[in-house]
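Chain residues, written in single-letter form:
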Amino acid sequence: MTALAAPPTAPRKGRPPQDPPGKRPRFRKGGGGAGRTMKGGWLSYLILGFALLISAFPFYWTIVASSRSNADLAQVPPSLLPGPNLIKNFDAVLEEADIGKALLNSLIVSGSITIGTVLCCTLAGFAFAKLKFRGRGALLTLTIGTMMIPPQLGVIPLFMLIAELQWVNQLQAVILPGLVSAFGVFFMRQYLVQSLPDELIEAARVDGASTARIFWSIVIPIARPGMAVLGMLTFMTAWNDFFWPIIALSSQEPTVQVALRQLGGGYVNDQSVIMAGTLMGTLPVLLVFGLLGRQIVGGIMQGAVKG
């Protein structure tokens, strides 16, 4: 006597039908989930292309204007193709301003401020994020509150202090006031709160590690993506700063932004020479972004995987 085959059971309501054993799973339409690849349509590519065009056009126009003459730039409409005067305009920049010394001074100032800000703000951010001490909340509130004060209000007392120390027209007058920023402290504190587990610090203390050892061996490797972002923002801010260097420094010890003020002089400003100097001052910033861009993207991808 043969046994009767059991009738096929209908799938439960609300659950998708299961694939039979030994068969490759099929991707079904509708609904998101792990393993699905989202593809953008033509509208997404159109919007991204338009955003890329708007973002890259100012830099492209700087290259075009640097390679043209002042008469070419005065034409209506101006030419959108590079010209043959790029080397000539670079030579004019080197003759009208000591751009080589200005680039070196800006590199020293921006590099020193970036290194000091990243280290000091990471250390302070670690203290505010993971260390328990009396007055931590009040000190953090006071630090964030300094961001509400316009920096122009402190120019006169800062210059008086610099003059008392006899640092006028010296690079340390620009470097030391920018070694720590309230934004950097807050940024690193928020980053370490999310990225640094408390259990990792407790395990290190059980192993006998000191606070300094925890900072150098655990905190810095974890905070490297955040430090790269803070370093890039700090370098760009220090490199493009014009207000304080024009007060504390003279034309004998200029930074790039101060030296660009000397270009294109005369009854009619030579815009092509000014744009050539601007291009020379922009290249180091692009180099820094190229060096730190991989760290930034790596940090974003690492956070996405952990999330």
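Below, the structure is looked at part by part. (Residues numbered from 1 in each chain as written. Predicted model: local features only at pLDDT ≥ 70, side-chain atom pairs only at ≥ 80, totals over all residues. Heavy atoms only, no water.)

1. Re the overall build of the protein chain
What counts, and what does not: Secondary structure elements are defined from DSSP: runs of H or I of at least 4 residues count as helices, runs of E of at least 2 residues count as strands, and each element is numbered from the N terminus. Per-residue accessibility, obtained with a 1.4 Å probe over protein chains only, is compared with the maximum for each type, and a residue is labelled buried under 20%, exposed over 50%, and partly exposed between these values. Only heavy atoms enter the contact rule, under which two residues are in contact if any of them lie within 4.5 Å.
The helix and strand inventory of the protein chain stands at 13 helices and 0 strands. The order of α-helices and β-strands along the protein chain, N terminus first, is α-α-α-α-α-α-α-α-α-α-α-α-α. When burial is assessed residue by residue, the protein chain has 29% of its 307 residues classed as buried. Long-range pairs, those at least 24 residues apart, make up 71% of the contacts in the protein chain with a sequence separation of at least 6.

2. Brief notes about the packing of aromatic side chains
The test is simple: Stacked, edge-to-face and tilted are the three classes for Phe, Tyr and Trp ring pairs, Trp counted by its six-membered ring, which pair at centre distances within 6.5 Å; planes under 30 degrees apart are stacked, over 60 edge-to-face, the rest tilted.
Inspection of every chain in the model, using the stated rule, returns 5 aromatic pairs. Ring geometry for Phe 215 versus Trp 216: centroids 5.4 Å apart, planes at 80°, classification edge-to-face. On the basis of relative accessible area, Phe 215 is assigned to the buried category, the value being 6%. Put simply, the rings of Phe 126, Phe 215 and Trp 216 pair up and form one aromatic cluster.

3. Regarding helix 3 (residues 86-96)
Inclusion rule: Taken from the helix axis, the directions to the C-beta atoms give the arc we talk about.
Listed in full, the buried residues belonging to helix 3 are Asn 89, Phe 90, Ala 92 and Val 93. Taken down its axis, helix 3 places every buried residue within 160° of arc, on the same side. Exposed side chains of helix 3 directed beyond 90 degrees from the buried face belong to Ile 87, Lys 88 and Glu 95.

4. Overview of the packing of helix 4 (residues 99-130) against helix 5 (residues 136-145)
We apply this condition: Here an angle of 0 to 180 degrees is reported between the N-to-C directions of two axes, which are lines fitted to C-alpha atoms, with helices fitted over the stretch in contact. Each angle gets one of four labels, with under 35 degrees taken as roughly parallel, over 145 as roughly antiparallel, 65 to 115 as roughly perpendicular, and the rest as oblique. Two helices that cross are described as forming a left-handed crossing if the nearer one is turned anticlockwise from the farther one by less than a right angle, and a right-handed crossing if clockwise. For this classification, the nonpolar set comprises Ala, Val, Leu, Ile, Met, Phe, Trp, Tyr, Cys and Pro, the charged set comprises Asp, Glu, Lys and Arg, and every other residue, Gly included, is treated as polar.
Taken N-terminus to C-terminus, the directions of helix 4 and helix 5 make an angle of 135°; their axes are 10 Å apart at the nearest point. Here helix 4 lies oblique to helix 5, going by the angle between them. Crossing geometry of helix 4 relative to helix 5 is assigned as left-handed. The segment helix 4 lies against helix 5, with Ala 127, Phe 128 and Ala 129 engaging Arg 136, Leu 139, Leu 140 and Thr 143. Taken together, the residues of the contact of helix 4 with helix 5 sort by class into 5 nonpolar, 1 polar and 1 charged.

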